[in-house]
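# Summary of the model geometry
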Amino acid sequence: MFFFCLNKKRILFLLTIVFQMLSQASYANKTTVKETYKKHCASCHGEARLGGIGPALLPGNLSRIKEAAAKDVIANGRALTQMPAFAKVLSKSQINSLTQFIYQPPAEKVEWLDKDISNSRIIHFDQSKLDNKPIFKADMQNLFIVVEIGDHHATLLDGDKFEPIHRFATRYAVHGGPKYSPDGRFVYFASRDGWISKFDIYNLKTVAEVRAGINTRNAAISFDGKTIAVGNYLPHNIVLLDANDLSLIKTISTKNDQGKTSRVSAVYTAPTRGSFVAAMKDFTEIWEIPYLNQKNKKQYQHQRIKTTDYLDDFFFNQDYSLVIGASRPANSQGRQKNLTGKVISMDSGKLVSDIDISGMPHLGSGITWNYQGREVLASPNLSRGEVSIIDMKSWKTIKRLKTKGPGFFMRSHDASRYAWVDVFFGPHKDKIHVIDKHSLEIVKTLQPAPGKTAAHIEYTKDGKYALLSIWDMDGALIIYDAETLKEIKRLPMKKPSGKYNVYNKTHYERGTSH
Ligand code: DHE
């Protein structure tokens, strides 16, 4: 009866759907998940899941995406990327199996050798043939790079007019602060998938790229602008690149006396020491890699500083003689919810002082300023609603400032009386606190876009304006007058994660990250 109510066209349509379902089911029965992966995924994500034009699909690289979200991406695709929707091609059970498959460690050992690094290098433009003067007019020291992780782009922003100059695609999932060459002409990005991209700001072109690892933490640039150091989770190593053309200088396997290798938590540049400093995640050592030949230190020959505890996250004092770390005890495994603070000598590895901080201080995002004639360090906390303010001479915590929730980023500028801290986690994520650096009190709490995360501030070169991100696909960059705290302008952006001012970064302004 039902069929009689339908016209021919509808019957044909229904039969096509039934046929599609049957063929999907029989295909699903016959093919293994590996074959499905090979057929539909390998061309973009690589046969060994190491990535290609799409990101790597290994558990370490996917650790930040929940399985349900990954399933949704396979079924429905990812907007503004080349990832297609497979819901019409694969059955639900095939999508489930594929999801499980990509979260499994690979059967074979994953390697990324020197030859893979060198073979991955792409020279998009011959730098020597490009103009060495900017092709646009602006104060080149007051430019910002804004990383928009929502659709994997970056915007070059004029820091005087607050107008975008150029928007360009980045690699998938850029993380950490992009690093500028000392003259501010080039900027280097690191993606979680290990791609290092060099962008020429004068010519508005990505000039070179290389894949330095499979799962990368971050990159640092030497003070002289000649060397890039990349810290990797996978493989366990530090990769040194020539900043000029991104060619490989050297890989340094992170191995201790017992032959055990470690992931690298992060690598930073220590300009006064002419070195890179890297923290090890899996054994209690900090490594120093001189990028200049020095007395007792040979260029690119690493030195190992043995410490009593693991340092998960760290900060340096101004002359880089001390490292201030959020530490995990030597016998602990993985990330802990309760860390302690340690001050350690960079030369001996010896403990100089304990610091009275707990929870998960985010020292990497710490800033310093002069308070009543002494230098203080302020750090947000990833697990508690407080900012710790520490005297950098006595190493005593002089203030615990209560906030509306755990925070991620903190910022100030020498010319500003204020410091900003976000409330990244919890119900107050849409709020941001402004702290008076003289009174050490919160003087204002802003809520610029109710319901949407407000985070990460960076100042203009002169410290007169503060730029804030609204972390949303339908997000924004908000410019505040840093003195009156009044909003000046709002620019729409796609989840702008961070913004980085050329002058503040290249001059190691103490209110910002380095
Ligand atoms: Fe980051 C910087 C580590 C999660 C956004 N983050 C850094 C740096 C380190 C680090 C070591 C310094 C690198 C540099 O600038 O050279 N981040 C970690 C983690 O261990 C953690 C907690 C877990 C992880 O999966 O890696 C983590 N980070 C995040 C995020 O979830 C954030 C919010 C979103 C994202 O992009 O993944 C995030 N991290 C950032 C940003 C910076 C950063 C925007 C640069 C801050 C700056 O102003 O310099």
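Up top you'll find the structure we're talking about.
Values in this document were obtained by computation on a predicted structure and should not be read as measured data.

## A look at the overall build of the protein
Check the secondary structure of the protein and you find eight helices and 33 strands. At 25 Å, the protein has a C-alpha radius of gyration in line with the 24 Å of a compact globule built from 514 residues. Across the 514 residues of the protein, 55% fall into the buried class. Looking at the protein alone, contacts between residues at least 24 apart form 47% of all its contacts between residues at least 6 apart. Carbon and sulfur atoms provide 53% of the accessible area of the protein, an area that totals close to 23400 Å². Each charge sign in the protein was given a centre, from 72 positive and 50 negative side chains, and these centres are 5 Å apart.

## Describing the coordination of the iron atom of the ligand
Donation to the iron atom of the ligand from the protein comes from one atom only, His175 (NE2), at 2.2 Å. Assignment of secondary structure puts His175 in the loop between strand E4 (163–169) and strand E5 (179–180).

## Considerations on the sheet that holds strand E27 (residues 432–436)
Strands sit in the order E25-E26-E27-E28 across an open sheet of four strands; the sheet is antiparallel. The outermost strands of the open sheet, each flanked by one partner alone, are strand E25 (410–412) and strand E28 (441–446). Recorded for the sheet is a direction-independent mean angle of 25 degrees between the axes of neighbouring strands. With five bridges joining them, E27 and E28 adopt antiparallel strand pairing. In the sheet register, His433 faces E28, and the bridge partner there is Thr445.

## Section: the side chain of Thr216
Mapping Thr216 onto the fold places it in strand E9 (residues 215–221). Note on Thr216: relative accessible area 2%, which makes it buried. In this structure the side chain of Thr216 is engaged in a polar contact, spanning 2.5 Å, whose partner is the side chain of Asn232. Beyond its immediate stretch of four places on either side in the chain, Thr216 contacts Ser191, Arg192, Gly194, Val230, Gly231 and Asn232.

## Details of the environment of Ile238
For Ile238, the location among the structural elements is in strand E11 (residues 237–242). Residue Ile238 is classed as buried on the basis of its relative accessible area, which comes to 0%. C-alpha of Ile238 to C-alpha of Gly194: the two residues are 44 residues apart in sequence and 11 Å apart in space. Excluding anything up to four places from it in sequence, Ile238 contacts Val230, Lys250, Thr251, Ile252, Thr254, Val264, Ala278, Met280, Trp287 and Ile289.

## Thoughts on the nonpolar core
Within the largest apolar cluster, 23 residues are counted, with the highest numbers of intra-cluster contacts made by Tyr188, Ile196, Ile228, Val230 and Leu241. Elements supplying a minimum of two residues to this core: strand E6 (186–190), strand E8 (205–211), E9, strand E10 (227–234) and E11. For Ile228, the contacting residues outside a window of four places in its chain are Tyr188, Ala219, Ala220, Ile221, Val239, Leu240, Leu241, Ala243 and Phe276. Membership of the second largest hydrophobic core comes to 18 residues, among which are Phe136, Leu156, Val174 and Val502.

## Observations concerning the sheet that holds strand E32 (residues 487–493)
One open sheet holds the four strands; their spatial order is E29-E30-E31-E32, and the pairing between them is antiparallel. Looking at the sheet topology across the chains shown, the edges are occupied by strand E29 (454–459) and E32. Neighbouring strand axes in the sheet, compared pairwise and without regard to direction, differ in orientation by 20 degrees on average. Of the strand pairs in this sheet, strand E31 (residues 475–481) and E32 are connected by six bridges, and their pairing is antiparallel.

## Side note on helix H6 (residues 92–102)
Residues of H6 that are buried: Gln94, Ile95, Leu98, Thr99, Phe101 and Ile102. Buried positions in H6, seen along its axis, are confined to an arc of 160 degrees and lie on one side of it.

## Re the pattern of salt bridges
Two side chains carrying opposite charge are able to pair once their charged atoms lie near each other. A complete count under the given rule lists 31 salt bridges for this structure. The shortest N-O distance in the salt bridge between Arg400 and Asp356 comes to 3.0 Å. Of the two residues, Arg400 is situated in strand E24 (residues 397–402) and Asp356 in the loop between strand E20 (351–355) and strand E21 (367–371); the sequence distance between them amounts to 44 residues. Here Arg411 makes a salt bridge to Glu458, at a shortest N to O gap of 3.3 Å. Of the two residues, Arg411 is situated in strand E25 and Glu458 in strand E29; the sequence distance between them amounts to 47 residues. Through salt bridges that share partners, Asp257, Glu285, Arg304 and Lys306 make up one connected network.

## Section: helix H2 (residues 33–40)
Because each turn of an α-helix spans 3.6 residues, side chains separated by three or four positions end up pointing in the same direction. Every buried residue of H2 is listed here: Thr36, Tyr37 and His40. For H2, the angular spread of buried residues about the axis comes to 100 degrees, placing them on one side. H2 presents Lys34, Lys38 and Lys39 as exposed residues on the side facing more than 90 degrees away from its buried surface.

What counts and what doesn't
- Residues numbered from 1 in each chain as written.
- Predicted model: local features only at pLDDT ≥ 70, side-chain atom pairs only at ≥ 80, totals over all residues.
- Heavy atoms only, no water.
- Helix = DSSP H or I, 4+ residues; strand = E, 2+ residues; numbered from the N terminus.
- Rg over C-alpha atoms; globule rule 2.2 N^0.38 Å.
- Buried < 20%, exposed > 50% of the residue type's maximum accessible area, 1.4 Å probe, protein only.
- Contact = heavy atoms within 4.5 Å.
- Areas by Shrake-Rupley, 256 points an atom, 1.4 Å probe, with all protein chains shown as cover.
- Lys, Arg positive; Asp, Glu negative; His and termini not counted.
- Charge placed at Lys NZ, Arg CZ, Asp CG, Glu CD.
- Donors = N, O, S within 2.8 Å, 3.2 Å for Na, K, Ca; no water.
- Pairing = 2+ DSSP bridges.
- Axes fitted to C-alpha atoms, helices over the stretch in contact; angles between N-to-C directions.
- Polar contact = N/O pair within 3.5 Å; in protein donor to acceptor, adjacent residues only side chain to side chain.
- Core = buried A, V, L, I, M, F, W, Y, C linked by side-chain atoms within 4.5 Å.
- Arc of directions from axis to C-beta.
- Salt bridge = Lys/Arg side-chain N within 4 Å of Asp/Glu carboxyl O.

By themselves, these figures tell us nothing about what the structure is for.
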